[in-house]
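# Structural overview for review
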Amino acid sequence: MGCSGRKTLFFFLIFVPVCLHGASLQEAGPTGPRKPFFERLRRLEEQFRRFQEVTLTHLRDIASNYNVSYNVDVRFRSLAEESQAVAVAVNQSQAAMQGDLAQLRAWVRKIERRSRKADSRLQALDLALSGKSELRAPERKVQKDVGDALRDTLAGLSHLVHSQGARLAAVEGRLPVANLGPAAPGPVPAPSPVQPERPGPSSLKLQRGRQELRAAPEHRSATQDSAAHPQGTRGPPASGSHQAPDGDAAAPGDPPRPVQTPQRPGDMCSRGPTLVFPNASTENVVSLSPGFLTALRALSFCSWVRTASGHLGTLLSYATEDNDNKLVLHGRDSLVPGSIHFVIGDPAFRELPLQLLLDGQWHHVCVIWTSIQGRYWLHVDRRLVATGSHFREGYEIPPGGSLVLGQEQDSVGGGFDSSEAFVGSMSGLAIWDRVLVPGEVTNLATGRELPTGAILTLANATRLGGFVQRANCTCLELCP
């Protein structure tokens, strides 16, 4: 509906009631009895007013609906434009994706060709390597057999050297008595300590070679003795022979040998500092620093020891974060008196007999171990007391732990127990990362020289806890 039509209708609706109202006033003046007509006319006027209000309401609704329809058309047009823009963007993205897919297909084809070439080359290399491995398999087997034979030979030679070294030490101990004769009074004097030149690696090899050459003639007998009498014991003498004081059987008809007076360990001098552990306190502990800097596949522990209690206690304890008993030499008061547990990587251990140390005198002790066939040796006063094999074979003692003397660690650097404490004195303690040969053990026990290559000594004692005392004795017999 146009704007002019709406204005005409509006004026008409106003003009008609005004005219009707004037006519009614003119007719009502002269006459009086026409009231029902005017009442009807007023009712019609009221109805017309209501009709006018309803009409205006409808007109307003029509106008508002027209505005809404106009806004809807605008929105539809904008949506159509946006949809066209989206369609254009989708078409462009599809074109770009098709181009990228074409490039990817080209790259995939190239990669497939290269992978086929690489597969063919790998197959050729595999065939070549399999052929070479088949050719080298006998060589590897031969090398393995040679390596096993060399290891077995080395282990046998080590055992032979230790057994023959013990016999040579006994023979050397008898030589001064034989030279002096039966009229020699008193004990044999101890040789004065000599400070030789520190031999280099070549001289050590020559020295070991001479010891092996000297031990070669008695190879057969020593092997039989070690196999028949383990733990350093001797069998009964044969008929017609008597037992020599040093354990060697004398031949029939030979004159009796003079009884040898053993050399007193207390006569040894210039042994360095001495550590005195006066009682079984858990605070009496000595720390060695630095500990093991590298992993150990062989170990030699030697020291002069004098105990002052009925059991040995703990000589050495090495603990790490993953195992507090990586290396331990300890004897609790609950064990057999004189026995000590040699532990490497708990729970593996060997029980060593050290009853000789319970007499309250100085004794020289050496505990030696190698991971080759797990062999170990125990020397007391340069004599081979115990030996064995297959103890932690191929094992490696790790570095970086805590190393203490006199107490057994239940945790790194702590967890001490008074029943495992060492009460007594230690002197000349040293640790090597190799196997000492019997000649070197004899030199240590007689005060001749200190073998080269010691990784730890009492000079590495950084902390003396509790009542532990450091004494500088000129000779062991003068130590407290």
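All of these numbers come straight from a predicted model, not from anything done at the bench.

A contiguous patch of positive charge, built from Arg105, Arg109, Lys110, Arg113, Arg114, Arg116, Lys117 and Arg121, is present on the exposed surface. Its place among the elements puts Arg121 in helix α2 (residues 35–180). Overall, the relative accessible area of 62% leaves Arg121 in the exposed class.

This part is about the nonpolar core. Core analysis: the biggest nonpolar cluster contains 42 residues, and Phe292, Leu329, Phe342, Trp369, Leu378, Leu405 and Ile431 have the highest contact counts within it. If we skip the residues at most four places from it in the chain, Leu405 touches Leu275, Phe277, Val285, Val286, Leu288, Leu315, Leu316, Met426, Leu429 and Leu458.

A separate point is helix α5 (residues 438–446). Among the 9 residues in α5, 9 count as buried, and that is most of the element. Among the residues of α5, Pro438, Gly439, Glu440, Val441, Thr442, Asn443, Leu444, Ala445 and Thr446 are the ones counted as buried. Where α5 ends, the next residue or the one after it, Gly447, has phi of about 75°, a positive value.

The next thing to look at is a nonpolar patch on the surface. A cluster of nonpolar side chains, namely Val68, Val72, Phe76 and Leu79, defines an oily patch on the protein surface of about 370 Å² accessible area. Mapped onto the secondary structure, Val68 falls in helix α2.

Our next topic: unusual backbone geometry. With an omega of -5°, the peptide bond running from Ser289 to Pro290 counts as cis. Asp346 connects to Pro347 through a cis peptide bond whose omega is 20°. The residue Pro347 is located in the loop between β8 (339–344) and β9 (349–353) in this model. With a phi close to 55°, Asp381 is a non-glycine residue in the positive phi region. In this structure, Asp381 sits in the loop between β11 (376–380) and β12 (383–388).

The rules behind these values
Residues numbered from 1 in each chain as written. Predicted model: local features only at pLDDT ≥ 70, side-chain atom pairs only at ≥ 80, totals over all residues. Heavy atoms only, no water. Patch = residues over 30% accessible without salt bridge, like charges linked within 9 Å, V, L, I, M, F, W, Y side chains within 5 Å. Areas by Shrake-Rupley, 256 points an atom, 1.4 Å probe, with all protein chains shown as cover. Salt bridge = Lys/Arg side-chain N within 4 Å of Asp/Glu carboxyl O. Lys, Arg positive; Asp, Glu negative; His and termini not counted. Charge placed at Lys NZ, Arg CZ, Asp CG, Glu CD. Helix = DSSP H or I, 4+ residues; strand = E, 2+ residues; numbered from the N terminus. Buried < 20%, exposed > 50% of the residue type's maximum accessible area, 1.4 Å probe, protein only. Core = buried A, V, L, I, M, F, W, Y, C linked by side-chain atoms within 4.5 Å. Contact = heavy atoms within 4.5 Å.

This is a description of form; function is not addressed.
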